[in-house]
Each structure stands twice: as C-alpha cells, then as structure tokens.
Amino acid sequence: MARFYITTPIYYVNDVPHIGHAYTTITADALARWHRLIGDEVFFLTGTDEHGLKVQRAAEAAGLTPLEHADLTSARFREAWRLLDISNDDFIRTTEERHTTSVQALMQAAYDNGWIEKGAYEGWYCVSCEAYYGEGDLLDDHRCPIHKRPVEWFKEDNYFFKLSAFEQPLLEWFESHPGMIHPTSRRNEAIGLVRQGLEDISISRSSITWGVPVPWDPKHVFYVWYDALINYATAVGYGSDRDRFDAWWPVVHHMMGKDILRFHAVYWPALLMAAGETPPAHEYIHGFLLVAGEKMSKTAFNQIAPKDLVPEFGVDGYRYHFLRDQPFGPDGEFSYEGMVARYNADLANNLGNLLSRVATVVAKQCHGVGPAPSPASKLAAIAEAVVADATAAWARVAPNEALEATWRLVRETNAALEAAQPWKMEPGPALDAVMGDALEVLRIVAVLSSPALTRASEEIWRRIGMAESVGPLDAQRLPDAAVWGGYPGAVRVDKGEALFPRLKASRA
Ligand code: MSP
C-alpha cells in the first residue's frame, strides 16, 4: 500500500477564511479523498500559522494576548473546513508544544552543521508578507509588490541562514528531481530564483517575542516563515518520533498558491538540506483566484467567504464549481454567474436529471426494484474509458479534467436514455436492461465523483440501494469499485426529492 502525505499551507490567523484559502484546501481534500479511494494510506494536514509580527500587532489592537487572539481566529479556519467537509487528518497550530520542539530540533541541527551564524540586519520589511524586500523588488514610494502598502525599515541583530551556500545544491536537486515542482512553469520560476543568486537570510528576530525561542540564544525568536515551514515536519513526528517521520518523509505533496513558491521551493529545501534531511518530493503550485481581476485581500475589501456561498449552492455545489471550473495552475476569475451556470448544467440538469429519471421509471415500471446491468452494454466501454481518464487526471493534479471525464459518462447515459425512451417501455427484460445499465452508471459516478461531491455521492449510493445491499461508499476501493457489473440488481431504489434543485442567478 502506498502512502500519500498531502499538505495545505498553514494559513495566517489574522485573515478570515475566504474562497482563495478554500480553493487550496478543497483541492488538497479532493486529492486526499481520491487517494483514499485508490487504497493509499493518506495523511492530510492543514493548520494555522500563528506567530510573527502581524499576529502580535493584531492581538494588541484587539486588546488580547497573541495566544488568546490566535485561539479565536484559528477556530474560524476549523469552522470553515468543517463547513466544506474537509477531511484533514490533523490540524496543526504553530503555537503547539509539539511544534516548538520540532522547530528547535530542526534549527539546532542546521546550527550544529554550521549553516547558521550571528549578524546584524537592516532592510525593508513588509509586515503583511512577513518578509524583507530588496530595494529593487519594491514598487515606487517603497511599497510592497504584493500588498502595495508601505514597507518599514527594520534594523536588528539576528541569526543568518547561509542560504547562499545552497545555490548549487538546489540547482542540482532540481535537475535530478524534475518532477518535484508542478507545473513546469513554476519549476522554471524556482530555478530562475536560484540562478539570480541567493543571499544569506535572516532567520531570527530579537525585536519581537511572539515566536519560537532560538534554543541556543533565547533572546531571539525564529522568523515566522522558518517556523511555519517546519510544520510539515512536525506533524509527522519530526523531533519526537523518528520512525513516524521516516515513514512519511520525504514523499510529501505540498500544495499552495504561487505567492509562496519562493519559500517552499527555495528556502524550505535548503533548510532541510542544512539540517541533514531530504527536500520534499512534490510541490503543486496553483494560481490566484481573482475577484474582478484583483487578488482578494482585506485591504481591497473584495473577500468572499465560503459561508457566503454554501447556503445557496450547498457543499457539493460549492466544491464542484471550484474543482471543475478553476483549472489547477493558472489564475482564474471567480464568477457568481459562472457558478450558477455550472451548477445548473452539470448538477441540476445532467446528474440530477439522470438520477430522477432513473428513479422515476424504476418506481413506476419496475415496482421500485432496480434491475442488474447487462454485461454487454455500450455504456460499459464508455465507463471503462472514463475511469482510466479520471484516474490519469487525478494523478496529474487536474481535478477539472477528472470531473469532466466523469460527466462524459453522465451525458452519454442521459443520451442513451433519450434514445431508448424507457418511460414508454413495457415492463420486461428490455426495460430492465436499460434501467440496469443506467443504475450501474449512477453507481460508478457516485464512486468517481465522491472526492468532489461528498454528500450527493453518498445520497446517490443510498438511493440506488447500494448502501443497504453492498455496504458504505467510503469502503469502496478503486479499481474494483468501478468495474462494470458491480450493481447487484434486485435492490430497492428510493425515489427521493430533487438532488440539485435548479438555481436562479439571484445576485448581481
Ligand atoms: N502562513 C503562510 C503560509 C505558510 S505555509 C508554511 C501564508 N498564509 S496565507 O494565509 O496568506 O495563505 C496563503 C495561501 O492561501 C496561498 O498560497 C494559497 O494557497 C491560498 N490563497 C490565498 N489567497 C488566494 C487566492 N486569491 N487564490 C488562490 N489561493 C489563495 O501565506
């Protein structure tokens, strides 16, 4: 059995969860669910990033201690992920003791190996990015290129990580691990960043106290980004359970937006090398979800939260839209009308209609009992091709293509029903063959769509009588579960209400 370790970035607690954070988390969740479905042992990690100046200042402004503040704001992410049926196995907070232990152990190893030394630093700092910028990276008036807000001049004593020594090792690593960074355009970008030349970087702060203390000099705390990156190691036992760490590392799959490529593709592998550990095996980088052409941000007042959309679209409608309509990689524009259109076309019309037609005919003309499929059905070959396409698409992190393939099967089956007109047929073997095939498709579609449609897939499974006759959907494993002929027949089909009532675009 293969292991599949997948992570999302740990989100800053001073942000309110929005559809951009949710995009990464849902994509990681769908991949985790797909890998459970193919029988992998999965460990899916998400969490919150709770140290640093930004959080310290936000807490001060709210009249709370940083931890009190983080307790409240971290909970918002857990709530958002519950709302969206996120199946994470762990939720890490960087304020947890296990994380302090792990950060200190990893940094101590890099220090003992001679890669960290003391120095003084001054430079332009963006508190929103928690990062120093060179003069040349800034917009005019000394504004941050990401947040477009003024940066601040910082001067402090701190420890430096000798990143410059890792230019060659990193380039060699990228060369010998061509599949590490996906897509290739982002891999090229990472190589470009290293080729431009790497400067040693400051990894501790003596001007703030809200962080993990440097073990060999506790007047300093680690720079929040270095603390944060180590979460991925902490959660699988770094610093406390070496066997567990070795079981999951380095074959990890880090998923993230393009804004944090430099930290993950340059700083993180170099730090791991410095500590004598292996860089992460996979990094999947996606683009930004834009609202009216802009990245969402608190300062632009253009944030949309999952809870603004779930009441109208349901969890399934929400998840399906982002997985199906935002290809993994490029930037994408969020469109409410697009979301309604997708819901109506694929969920209400195609899948919802298929289920309701089948259940209606079975109720009226088959005494409510679903017949078995025919082995020689034309739909069997289509199903087989669709399963292969969906499997290949998930393997290359293309959920939109996996779902598109699955809906090909739904559309072909609707077309087959329109051609056969079972609602006009007399009860008998010919009708049974048509209905058995359609039920078999619904069974396969429930399995294939389950990483996206967490609830509707279960409901289809139940209504077509699979839960009662064969067992729970989450016990199904591919490839067996999608082999044509799995629908047993002679099982009760429950007609039920419309699974996806049609929506009208109600908002501008
Ligand atoms: N705390 C750091 C990450 C540390 S990981 C060791 C951080 N946090 S964040 O809250 O700003 O989250 C950034 C991530 O959220 C992005 O990389 C991306 O995964 C997701 N997104 C935030 N806004 C987004 C969009 N508008 N569109 C798509 N993804 C977005 O950076």
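Residues numbered from 1 in each chain as written. Predicted model: local features only at pLDDT ≥ 70, side-chain atom pairs only at ≥ 80, totals over all residues. Heavy atoms only, no water.

Participant: Describe the packing of aromatic side chains, listing the residues and the values that go with them.
Facilitator: Applying the stated criterion to the full structure yields 32 aromatic pairs. Three or more aromatic residues joined by ring pairs form one cluster here, namely Tyr5, Phe43, Tyr232, Tyr238, Phe245, Trp248, Trp249 and Trp268. The ring of phenylalanine 91 carries the charged tip of arginine 78 above its face, separated from the ring centre by 4.9 Å. (Phe/Tyr/Trp six-rings, centres within 6.5 Å; stacked < 30°, edge-to-face > 60°. Lys NZ or Arg CZ within 6 Å of the ring centre and 35° of its normal.)

Participant: I'd like a description of the sheet that holds strand β14 (residues 294-295), backed by residues and values.
Facilitator: Taken in spatial order, the 3 strands line up as β14-β13-β15 in an open sheet, and their pairing is mixed. Looking at which strands have only one partner, the edges of the open sheet turn out to be β14 and β15 (332-333). Relative to β14, strand β13 (residues 289-291) is paired through 2 bridges, and the arrangement is antiparallel. Each residue of the ladder has a partner; that of leucine 290, found in β14, is lysine 295. (Pairing = 2+ DSSP bridges. Helix = DSSP H or I, 4+ residues; strand = E, 2+ residues; numbered from the N terminus.)

Participant: So, the site of the ligand: which residues are in play, and what are the values?
Facilitator: The local shell around the ligand holds 25 residues, among which Ile10, Thr24, Asp49, Asp259 and Leu289 are the closest. One of the backbone nitrogen or oxygen atoms of isoleucine 10 is found 2.8 Å away from a nitrogen atom of the ligand. Glycine 257 places a polar main-chain atom, nitrogen or oxygen, 3.0 Å from an oxygen atom of the ligand. Compared with its free state, where it exposes 670 Å², the ligand has 97% of that area covered by protein. Those elements that place two or more of their residues in the shell around the ligand are β1 (3-12), α1 (19-37), α7 (224-229), α8 (231-234) and β11 (252-257). Counting residues per element, the shell around the ligand draws most heavily on β1, which supplies 4 residues. Counted by class, the shell around the ligand contains 13 nonpolar, 9 polar and 3 charged residues. (Near = heavy atom within 4 Å. Polar contact = N/O pair within 3.5 Å; in protein donor to acceptor, adjacent residues only side chain to side chain. Areas by Shrake-Rupley, 256 points an atom, 1.4 Å probe, with all protein chains shown as cover. Nonpolar A, V, L, I, M, F, W, Y, C, P; charged D, E, K, R; others polar.)

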